[in-house]
Amino acid sequence: MKNLASKQATVIYDEALGAFHATFFNFVQHTEFVNVLEYEYEMVEHYQLKKALIDLRQMKIYARGNEDYIKTTWFPKMKSLGLQRVAFVVPVDIFAKVTMEKAHNEEDIVPTLQLKHFKTIEEAKNWLSE
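Regarding helix H4 (residues 121–129), the residues found buried are Ile 121, Ala 124, Trp 127 and Leu 128. Looking straight down H4, one finds that the buried residues subtend no more than 130° of arc, so they occupy a single side. Across H4 from its buried face, at more than 90 degrees, point the exposed residues Glu 122, Asn 126 and Ser 129. Looking at the packing, one finds that the buried side of H4 touches strand E3 (19–26), strand E4 (51–59), strand E5 (85–89) and strand E6 (114–118).

Structure below.
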């Protein structure tokens, strides 16, 4: 399966980590956002992945609809595909960080899906490697 690369995001298979590694850039419109997340589903299914690393450091505020999509569709779908651990590297932009926190409110997430937020890629990779 090929990696995905666009102006707004990349999704690559990290064989050493046994995870997909998604990176988002700037502001991502809802349609493009959903397309990227659907690619993540395909990658999880194709490689039977249990882990994900999502780098949001360069992300700006979430577009309308992205927060709800993450809560109602992405988390449940990833759990149903067998994903177990998700490491998020938090946005630098304060507004993006606030919207990310709302989207990742643990009360709304599938309880058996482990997720953590990190400031650096290295911290996230270390946790996923445990």
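Read on, since the account is not over.
Here the focus is the nonpolar core. Core analysis: the largest hydrophobic core is formed by 34 residues, its most contacted members being Phe 20, Phe 24, Ile 54, Trp 74 and Val 86. The set of elements that each furnish at least two residues to this core consists of strand E2 (9–14), E3, helix H1 (30–47), E4, helix H2 (66–80), E5 and helix H3 (94–103). Here this core takes 8 residues from H1, the largest share from any one element. Leaving out residues up to four positions away in the same chain, Trp 74 has contacts with Phe 20, Leu 37, Glu 40, Tyr 41, Ile 54, Tyr 69, Leu 83, Val 86 and Phe 88. Counting residues in each nonpolar core, the second largest holds 10 residues, with Leu 17, Leu 53, Trp 127 and Leu 128 among its members.

For the rest of this paragraph, the subject is the sheet that holds strand E1 (residues 4–5). The strand order across the open sheet built from 6 strands is E1-E2-E3-E4-E5-E6, with neighbouring strands paired in mixed fashion. Edge positions in the sheet fall to E1 and E6, since each has one partner strand and no second. In terms of strand pairing, E2 meets E3 through 6 bridges, oriented antiparallel. Looking across to E3, one finds that Tyr 13 is bridged to Phe 20.

Conventions used here
Residues numbered from 1 in each chain as written. Predicted model: local features only at pLDDT ≥ 70, side-chain atom pairs only at ≥ 80, totals over all residues. Heavy atoms only, no water. Buried < 20%, exposed > 50% of the residue type's maximum accessible area, 1.4 Å probe, protein only. Helix = DSSP H or I, 4+ residues; strand = E, 2+ residues; numbered from the N terminus. Arc of directions from axis to C-beta. Contact = heavy atoms within 4.5 Å. Core = buried A, V, L, I, M, F, W, Y, C linked by side-chain atoms within 4.5 Å. Pairing = 2+ DSSP bridges.

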